[in-house]
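Listed below are the residues making up each chain.
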Protein chains: 2
Amino acid sequence: MAKLENDTLIRALLRQPTPYTPVWLMRQAGRYLPEYNATRARAGDFLTLCKTPALATEVTLQPLERFPLDAAILFSDILTIPDAMGLGLSFAEGEGPRFARPVRDEAAVGRLVPPRPEAELRYVLDAVRQIRRALRGRVPLIGFAGSPFTLACYMIEGGSSADFGTVKTMLYRRPDLLHRLLEVNARAVADYLNAQIEAGAQAVMLFDTWGGTLAHAAYLEFSLAYIRRVIESLAREAAGERVPSIVFTKGGGPWLESIAACGCDAVGVDWTVSLADARRRVGERVALQGNLDPLVLLTDSAVVRREAERTLADFGGGPGHVFNLGHGIVPATPPEHVAALVEAVHRASRTRVRGPAPPGA
Amino acid sequence: MAKLENDTLIRALLRQPTPYTPVWLMRQAGRYLPEYNATRARAGDFLTLCKTPALATEVTLQPLERFPLDAAILFSDILTIPDAMGLGLSFAEGEGPRFARPVRDEAAVGRLVPPRPEAELRYVLDAVRQIRRALRGRVPLIGFAGSPFTLACYMIEGGSSADFGTVKTMLYRRPDLLHRLLEVNARAVADYLNAQIEAGAQAVMLFDTWGGTLAHAAYLEFSLAYIRRVIESLAREAAGERVPSIVFTKGGGPWLESIAACGCDAVGVDWTVSLADARRRVGERVALQGNLDPLVLLTDSAVVRREAERTLADFGGGPGHVFNLGHGIVPATPPEHVAALVEAVHRASRTRVRGPAPPGA
């Protein structure tokens, strides 16, 4: 494997000094990019795009051709695991994901088996290997998975939901059954992320998209406990290098202290939380990743620059910050605003460290 | 006016001792009640129901006939103010609210005038007066309004929105224009709540449904600053009695300290926040209202009782707790689960104060 040229992401996740604040963006490979839409049109549908390593590699690299981002993130979907469990995943055009066989009773939970990554999820690992080769050490590759609870939400509801009534009814009435399902998911997610690490992922991120819909105590018991179990099972190193882990619970602001204590290296925060407050609350335990409101990217380049600088100032300098959005890029985002953001983060954070840059730097 | 027989709500909001924890429920008059649906069907549509004081009185009292709730809340809608500003409110069946004339530019903002409560919003004040008469002092009546920012969201988007892209674009690009709009809204809301207090409302609540979608700094500048302005303008007393104020920002967990410092008597909290944590964070400054996950009411009476007791235990006893949900009752809620909840809150909180109740008490 090629030596990593730009290791700012890895260093920042481990709270080591970097010459500037590294930046990558959730959904940086996505529908706001015309070249992504062209590849997706060639693939025919979203699942084929995910399941064809050459195409997944192509779209993973697209944003790096446009912007000097400090990381690539595997192009895939969090639902590859339940799909590999045989639940029958499909994406209807303009709608969210659908499972043909949702998991709602003892029998269905009893049938669940964690997929073998190099068998049922081989296509993901092939994509990781191809992306690593294509990157040639330019920037690190981030692997990822959905959190055990977030996967359970889709598996139980059979798709997305406004209020997760079916999941919550199981949580409150049959906590034992939900725990059994979450145990399977935790094993599946740990196996999957370890396989991604073995295939070449240089950092890993857990997306807990729906943990934030839970009551405080339920979050700790049904989401964070299984995130901790995954984190504890992860390989800490690969090829002699530390592989940092990031945990992101959307809406997890009230619980940052608990999340920071789960064993991860970095905590993703959404835009509702001030990075200064977050830093005060988590202390020296973890790095922070975030947290610009993605809708800032709908405005104009001047506003984007101003808000990027505010976000950096809110964190306040020093090691341990990875710049990101507080959630994914929205499809209506003009790509030139992303260019302005990446440029502003690099320039302003360098200035914060080193004093004013020379003109044209 | 009749003397208040059950003043537990008022006392709890003012952090005075009560013999048990008072309970009321957001959307306690609503679609989960067959009698509400019957009245609404008679009214023909939702807006007519809101605008006909006799019908608004009828539905306000319906839940009190079924359950020994400790407060009534005015049946109305937060959008009465922008409707009275002439924006052309309608509710399409099965959809959310729509404004025919959204407010998106200087000219539209310049045309906005705070409604005169006893003129354009007379029907609300007539409802308040009729409800007070019908209650005959049984329990207090809570008046309410949307927060200036939450009203602005609907006024600018022209309805609800998945991400409030139009509002946020104005917030980031034309903060001056949004501030002008919010100033008008703050005056309108303060006038409206003061008129409700004069007409007989014994406590008032500000619903900040969408403040929680904002970034930390934007929340303070565009939502909380105007909530504070409203609170400062409110009459503190009516007919020689204190009129407590409640502020509820859905998703406001990360900002509880700031909300508690806005001058209100009580802070509503949603279920993502532990009441014990919230209490630690706000100290002795305010009472807390909340915070059961409304979806618990979809389960069964035994679970409802258990979770009610957990919520009471989470607060931990002592004065300053008003039991409520963390958001409105969902339409699929079986009314008998609401009965179980109210009974459990009363029984368990009395026990916490006085020791075990006698059988059948």
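Owing to the predicted nature of the structure, the values given are computational and were not obtained by experimental measurement. (Residues numbered from 1 in each chain as written. Chains lettered and ligands numbered in written order. Predicted model: local features only at pLDDT ≥ 70, side-chain atom pairs only at ≥ 80, totals over all residues.)

Undergrad: Describe in detail the overall build of chain A, supporting the description with residues and values.
TA: Along its length, chain A carries 16 helices and 11 strands. The C-alpha atoms of chain A give 20 Å as radius of gyration, which agrees with the globular expectation for 361 residues (21 Å, within 12%). Taking the principal axes of its C-alpha atoms as reference, chain A extends roughly 65 × 45 × 40 Å. A burial count over chain A gives 56% of its 361 residues as buried. In chain A, once contacts between residues fewer than 6 apart in sequence are set aside, the share between residues at least 24 apart is 72%. (Helix = DSSP H or I, 4+ residues; strand = E, 2+ residues; numbered from the N terminus. Rg over C-alpha atoms; globule rule 2.2 N^0.38 Å. Buried ≥ 20, exposed ≤ 12 C-beta atoms within 10 Å, placed from the backbone. Contact = placed C-beta atoms within 7 Å.)

Undergrad: Report on the sheet that holds strand β4 (residues 141-146) of chain B, specifying residues and quantitative values.
TA: Residue and element names in this part refer to chain B. Strand order in this open sheet of 7 strands is β1-β4-β5-β8-β9-β10-β11, and the pairing throughout is parallel. Both outer strands of the open sheet, β1 (72-73) and β11 (321-325), are each paired with one neighbouring strand and no more. The sheet contacts of helix α14 (residues 275-282) involve β9 (266-268) and β10 (287-292), and relative to β10 the element is tilted by about 160°. Helix α15 (residues 301-315) contacts β10 and β11 of the sheet and is inclined by roughly 150° relative to β10. (Pairing = 2+ DSSP bridges. Axes fitted to C-alpha atoms, helices over the stretch in contact; angles between N-to-C directions.)

Undergrad: Lay out the interface of chain A and chain B with the relevant residues and their values.
TA: On the side of chain B, 25 residues touch chain A, which itself brings 25 residues to the contact. Within the residue set of the side of chain A that touches chain B, elements represented by two or more residues are α10 (165-173) and α15 (301-315) of chain A. In terms of residues, the side of chain A that touches chain B owes the most to one element, α10 of chain A, which gives 5 residues. For the side of chain A that touches chain B, a count of residues per class yields 10 nonpolar, 9 polar and 6 charged. (Nonpolar A, V, L, I, M, F, W, Y, C, P; charged D, E, K, R; others polar.)

Undergrad: Which residues make up the relation of the copies chain A and chain B, and what values do they have?
TA: The operation relating chain A to chain B is a screw motion whose rotation component is 180°, with 0.0 Å of axial translation and a residual RMSD of 0.0 Å. The relationship between the two copies is best expressed as a two-fold rotation axis. Within chain A, the C-alpha atom positioned nearest to the axis of rotation is that of P254 of chain A, 2.7 Å from it. Residue by residue, 100% of the interface of chain A is reproduced at the interface of chain B, so both copies engage with the same surface. (Least-squares fit on C-alpha atoms with pLDDT ≥ 70 in both.)

Undergrad: An account of the packing of helix α9 (residues 148-157) of chain A against α10 of chain A is requested, with residue identities and associated values reported.
TA: Residues and elements named next belong to chain A. One can describe the packing of α9 onto α10 by two numbers: an axis separation of 8 Å at closest approach and a directional angle of 105°. One way to sum up the angle between α9 and α10 is to call them roughly perpendicular. The residues of α10 that touch α9, namely those facing A152, C153, I156 and E157, are T166, V167 and M170. Of the residues in the contact of α9 with α10, the class split is 5 nonpolar, 1 polar and 1 charged. (Parallel < 35°, antiparallel > 145°, perpendicular 65-115°, else oblique.)

Undergrad: Report on the sheet that holds strand β10 (residues 287-292) of chain A, specifying residues and quantitative values.
TA: All names here are of chain A. On the basis of which strands lie adjacent, the open sheet formed by 7 strands has the order β1-β4-β5-β8-β9-β10-β11 and parallel pairing. The open sheet is flanked by β1 (72-73) and β11 (321-325), the only strands paired with a single partner. Across 3 bridges, strand β8 (residues 245-249) lies against strand β9 (residues 266-268) in parallel orientation. Looking at the pairing, F248 lines up with G268 of β9. Across the sheet, helix α11 (residues 175-199) lies against β4 (141-146) and β5 (203-208), angled at about 170° from β4, the strand it touches most.

Undergrad: How would you summarise the nonpolar core if you had to cite specific residues and measurements?
TA: Most often, soluble globular proteins have nonpolar side chains that are buried together. In terms of nonpolar packing, the biggest core is built from 250 residues, with I142 and V267 of chain A together with I142 and V267 of chain B touching the most fellow members. Residues contacting I142 of chain A, with those up to four places away along its chain left out, are A71, A72, I73, L74, A201, A203, V204 and M205 of chain A. (Core = buried A, V, L, I, M, F, W, Y, C linked by C-beta atoms within 7 Å.)

Undergrad: Can you tell me about α10 of chain A, naming the residues and giving the values?
TA: All of the buried residues in α10 of chain A are V167, K168, M170, L171 and Y172 of chain A. Contacts from the buried residues of α10 of chain A go to α9, α11 and α12 (216-233) of chain A together with α15 of chain B.

Undergrad: Before we move on, can you summarise unusual backbone geometry with the specific residues and values?
TA: Residues and elements named next belong to chain A. In this structure, N291 follows G290 across a cis peptide bond, with omega equal to 0°. With respect to the helices, strands and loops of the structure, N291 is situated in strand β10. Not every positive phi belongs to a glycine, and R27 is a case in point at roughly 60°. Within the secondary structure layout, R27 lies in the loop between α1 (8-13) and α2 (34-43).

Undergrad: So what about the packing of helix α8 (residues 122-135) of chain B against helix α11 (residues 175-199) of chain B? Which residues, and what values?
TA: Geometry of a packed helix pair, given as the angle between the helix axes and the separation of the axes. Residues and elements named next belong to chain B. Running from N to C, α8 and α11 cross one another at 30°; their axes reach a closest spacing of 9 Å. Taken as axis vectors, α8 and α11 run roughly parallel relative to one another. Considering only the axes of α8 and α11, their crossing is right-handed. Here α8 contributes L125, V128 and R129 to the contact with α11, which in turn contributes A195, Q196 and A199. Across the contact of α8 with α11, the residue classes tally to 4 nonpolar, 1 polar and 1 charged. (Left-handed = near helix turned anticlockwise from the far one by under 90°.)

Undergrad: Report on the pairing of strand β8 (residues 245-249) of chain B, specifying residues and quantitative values.
TA: Residue and element names in this part refer to chain B. Within β8, 5 of the 5 residues are buried, which leaves it mostly tucked inside the rest of the structure. What you see with β8 is no split at all: S245, V247 and T249 on one side and I246 and F248 on the other are buried throughout. As judged from the 5 bridges shared by strand β5 (residues 203-208) and β8, these two strands associate in the parallel manner. Across the sheet, residue L206 finds its bridge partner in β8, namely V247.

Undergrad: Talk me through the confidence of the model for chain A; I want residue IDs and the actual numbers.
TA: Residue and element names in this part refer to chain A. Looking at chain A as a whole, its pLDDT mean stands at 95, while 97% of the residues score no less than 70. Low confidence marks residues 354-361, where pLDDT is under 50. Its contacts with residues over four positions away, or in another chain, come to 4 contacts. Scoring the predicted complex yields pTM 0.95 and, for the interface, ipTM 0.93. (pLDDT = per-residue confidence, 0-100.)

Undergrad: Could you give me a rundown of helix α9 (residues 148-157) of chain B, with the residues and numbers involved?
TA: Since one α-helical turn is 3.6 residues long, residues separated by three or four positions face the same way. Residue and element names in this part refer to chain B. For α9, the tally of buried residues reaches 10 of 10 residues, placing the bulk of the element in the interior. Within α9 the residues assigned to the buried category are P148, F149, T150, L151, A152, C153, Y154, M155, I156 and E157. Looking one or two residues beyond α9, the residue adopting positive phi is G158, at roughly 85°.

Undergrad: Run through the environment of G316 of chain B, naming residues and quoting values.
TA: Looking at the element boundaries, G316 of chain B is found in the loop between α15 and β11. Counting along the chain gives 33 residues from G316 of chain B to S349 of chain B, while the straight-line C-alpha distance between them is 9.9 Å.

Undergrad: Give me the environment of A152 of chain A: which residues, what numbers.
TA: As for its placement among the helices and strands, A152 of chain A is situated in helix α9. In this structure, the C-alpha to C-alpha distance between A152 of chain A and Y172 of chain A, residues 20 residues apart in sequence, is 14 Å.

Undergrad: Report on the pairing of β11 of chain A, specifying residues and quantitative values.
TA: The side chains of a regular strand alternate, first on one face of the sheet and then on the other. Residue and element names in this part refer to chain A. Counting buried positions along β11 yields 5 of 5 residues, so the element is predominantly enclosed. Note: β10 against β11, 5 bridges, orientation parallel. Considered in β11, the bridge of L292 is made with L325. In this fold, β10 hands off to α15, which returns the chain to β11; that crossover is right-handed. (Right-handed = clockwise from strand over helix to strand, strands pointing away.)

Undergrad: Can you tell me about the environment of A199 of chain A, naming the residues and giving the values?
TA: Residue and element names in this part refer to chain A. Among the secondary structure elements, A199 is positioned in helix α11. Owing to 23 C-beta atoms within 10 Å, A199 belongs among the buried residues under this scheme. Apart from residues lying up to four places away in sequence, A199 is in contact with L125, V128 and R129.

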